[in-house]
4 protein chains.
Amino acid sequence: MANEQLIKALHDCMAACNHCFDACLNEADVKMMANCIRLDRECSEICGYLEGALSRNSPVVKELAETCAKICDACAAECKQHDHDHCQKCADACAKCAEACRQIA
Amino acid sequence: MANEQLIKALHDCMAACNHCFDACLNEADVKMMANCIRLDRECSEICGYLEGALSRNSPVVKELAETCAKICDACAAECKQHDHDHCQKCADACAKCAEACRQIA
Amino acid sequence: MANEQLIKALHDCMAACNHCFDACLNEADVKMMANCIRLDRECSEICGYLEGALSRNSPVVKELAETCAKICDACAAECKQHDHDHCQKCADACAKCAEACRQIA
Amino acid sequence: MANEQLIKALHDCMAACNHCFDACLNEADVKMMANCIRLDRECSEICGYLEGALSRNSPVVKELAETCAKICDACAAECKQHDHDHCQKCADACAKCAEACRQIA
């Protein structure tokens with residue numbers, strides 16, 4: 001049950017981060033979005049990795065979930081500072097994912 | 001729309017393949033499952049990769065979807081030969097995913 | 001032999017692309033580097049994926065090598081337009097990798 | 001410098017694990033190799049992931065290196081029990097990689 005919720009949260013977060021990554025690179029002021037772009041990538045990568053690790057019953061899901069929660073927190077904090085719709089949605093997805101990760105970590 | 005369906009199909013296929021991979025390694029006759037284990041991994045990897053590529057708007061999603069469909073076909077054909085519930089479910093998920101991949105390839 | 005060379009080319013290309021990705025996000029004019037950032041990520045991802053696929057004897061290495069060569073070409077063409085040292089080095093690594101990919105595709 | 005050595009150790013470990021994974025599935029007694037197959041996959045995945053994370057300057061390389069070292073230890077311990085040449089080589093690569101990971105963790 002907890003795993004199902006986490007897998008959904010990871011999936012949604014990965015998709016939101018990748019969408020935000022792509023949209024940030026199309027913004028007028030890309031420089032302002034540099035840290036957001038970097039964290040979007042980092043966050044989507046680890047969420048995708050953890051999703052796979054969970055579904056194959058990896059012995060290190062707890063450690064990975066803890067690391068993933070840190071990246072989700074950082075990405076949420078960065079995205080929250082930008083008014084773009086894609087950033088706000090990404091911040092929400094990251095916050096939910098961080099919480100779900102902490103429930104198993 | 002097509003993308004949403006494909007992303008769901010890829011996600012379900014990745015999860016089914018990883019579950020089947022794990023379950024095959026716990027079966028009494030692992031030798032009989034060797035090719036299934038190999039294809040389960042291959043299929044889960046490419047489905048996970050394509051899911052990420054789609055969500056970041058990669059310029060090669062069509063080529064990847066074509067390659068993914070081939071692996072899904074091979075994994076479905078192998079899994080269909082085994083009576084285990086995890087193999088039958090995996091065969092179904094792979095067949096659906098192959099079809100969804102071909103709609104965008 | 002061909003595999004050894006390709007694995008080295010993929011590895012070098014992945015590292016050069018990731019280094020260029022990181023350095024582009026630190027440039028003064030990030031907007032001018034937006035397409036480079038996007039392609040650096042795409043190229044590093046598929047090179048990393050193909051490297052893994054080769055080392056586990058995946059049945060679709062030829063198809064993946066063909067797709068990888070396309071991304072390497074695109075990333076090389078983009079990077080060549082920028083004077084930054086990291087872009088020029090990345091363009092070289094991508095060109096070598098594209099050639100190595102085509103030898104097995 | 002430390003990073004260069006770690007990247008090489010990760011790369012060698014990923015390749016050795018994937019080769020061992022493939023070779024174990026071709027052994028006469030696959031059942032005896034089930035845990036080895038599982039750990040080979042896990043270890044190759046996290047080594048590949050950490051290699052990418054290092055080359056893009058991820059903010060969580062220390063945490064990931066710590067987790068990677070655990071998997072490398074587990075894979076080395078399992079492989080050491082089997083006489084196959086691919087298992088012995090894999091055990092060596094895993095032990096070196098665990099050590100390199102701990103130097104940055």
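These figures come from a predicted structure and were not determined experimentally.

A.B. asks: Explanation requested: the overall build of chain A in the structure shown.
C.D. replies: Each helix and strand in chain A was counted, giving 4 helices and 0 strands. Sequence-ordered secondary structure for chain A, helices as α and strands as β, is α-α-α-α. The C-alpha radius of gyration computed for chain A amounts to 13 Å, which stays within 12% of the reference 13 Å derived for 105 residues, consistent with globular compactness. Seen along its three principal axes, the alpha-carbon backbone of chain A occupies a region of about 45 × 20 × 20 Å.

A.B. asks: Whenever I open this one, the relation of the copies chain D and chain A confuses me. Can you help?
C.D. replies: Relating one copy of the chain to the other takes a rotation about an axis and a shift parallel to that axis. When chain D is fitted to chain A, the best match, at an RMSD of 0.0 Å, comes from turning it 180 degrees and sliding it 0.0 Å along the axis. What the rotation and shift describe, once combined, is the action of a two-fold rotation axis.

A.B. asks: Just checking my understanding: could you explain the relation of the copies chain C and chain A for this structure?
C.D. replies: Between the two copies, chain C and chain A, the superposition gives an RMSD of 0.0 Å; the rotation angle is 180 degrees and the shift along the axis is 0.0 Å. When the interface residues of chain C are mapped onto chain A, 100% of them again fall at the interface, so both copies present the same face.

A.B. asks: I keep staring at the packing of aromatic side chains and nothing clicks. Help me out?
C.D. replies: Geometry of an aromatic ring pair is reported as the spacing of the ring centres plus the angle between the planes. By the definition in use, this model includes 4 aromatic pairs over all chains. Relative to tyrosine 49 of chain C, the ring of tyrosine 49 of chain B has its centre 4.8 Å away and its plane inclined at 35 degrees; by these criteria the two rings are tilted. One end of the pair, tyrosine 49 of chain B, is in helix H2 (residues 34–55); the other, tyrosine 49 of chain C, is in helix H2 (residues 34–55), on a second chain. This pair shows no difference in class: tyrosine 49 of chain B is buried, exactly as tyrosine 49 of chain C is. The lysine or arginine in question, arginine 56 of chain B, covers the ring of tyrosine 49 of chain B, its NZ or CZ lying 5.6 Å from the ring centre.

A.B. asks: Explain the interface of chain D and chain A here, please?
C.D. replies: Accessible area lost on assembly of the parts is the figure often given for the size of an interface. In this assembly, 14 residues from chain D lie in contact with 14 residues from chain A. Of all residues in chain D, Glu42, Tyr49 and Arg56 of chain D give up the largest surface area on contact with chain A, accounting jointly for 37% of the area buried on that side. The interface formed by chain D and chain A includes 4 salt bridges. Between arginine 56 of chain D and glutamate 42 of chain A there is a salt bridge, and its shortest N-O distance comes to 2.9 Å.

A.B. asks: Is there a simple way to think about the environment of valine 61 of chain B in this case?
C.D. replies: All names here are of chain B. Along the chain, valine 61 falls in helix H3 (residues 61–80). C-alpha separation for the pair valine 61 and asparagine 18, spaced 43 residues apart in sequence, amounts to 22 Å. When residues no more than four places from it in sequence are discounted, the contact partners of valine 61 are Leu50, Ala53, Leu54 and Ile104.

A.B. asks: Can you walk me through the confidence of the model for chain A in this structure?
C.D. replies: It should be kept in mind that the predicted coordinates are not to be read in detail where pLDDT is low. With 98% of its residues at a pLDDT of at least 70, chain A reaches an overall mean of 95. Predicted confidence in chain A is weakest over helix H1 (residues 2–24) of chain A, with a mean pLDDT of 93, and strongest over helix H3 (residues 61–80) of chain A, with 98.

A.B. asks: Can you help me understand the interface of chain C and chain A in this one?
C.D. replies: Opposite the 15 residues of chain C that make contact, chain A presents 15 residues. Between chain C and chain A, a total of about 1300 Å² is buried, with carbon and sulfur atoms accounting for 47% of that surface. In terms of surface lost to chain A, no three residues of chain C exceed Leu25, Arg38 and Arg41 of chain C, which account for 45% of the buried area on that side. Between the two partners, chain C and chain A, sit 4 salt bridges. Contributions of two or more residues to the side of chain C that touches chain A are made by helix H1 (2–24) and H2 of chain C.

Definitions and cut-offs
- Residues numbered from 1 in each chain as written.
- Chains lettered and ligands numbered in written order.
- Predicted model: local features only at pLDDT ≥ 70, side-chain atom pairs only at ≥ 80, totals over all residues.
- Heavy atoms only, no water.
- Helix = DSSP H or I, 4+ residues; strand = E, 2+ residues; numbered from the N terminus.
- Rg over C-alpha atoms; globule rule 2.2 N^0.38 Å.
- Least-squares fit on C-alpha atoms with pLDDT ≥ 70 in both.
- Contact = heavy atoms within 4.5 Å.
- Phe/Tyr/Trp six-rings, centres within 6.5 Å; stacked < 30°, edge-to-face > 60°.
- Buried < 20%, exposed > 50% of the residue type's maximum accessible area, 1.4 Å probe, protein only.
- Lys NZ or Arg CZ within 6 Å of the ring centre and 35° of its normal.
- Buried area = accessible area lost by both parts, 1.4 Å probe.
- Salt bridge = Lys/Arg side-chain N within 4 Å of Asp/Glu carboxyl O.
- pLDDT = per-residue confidence, 0-100.

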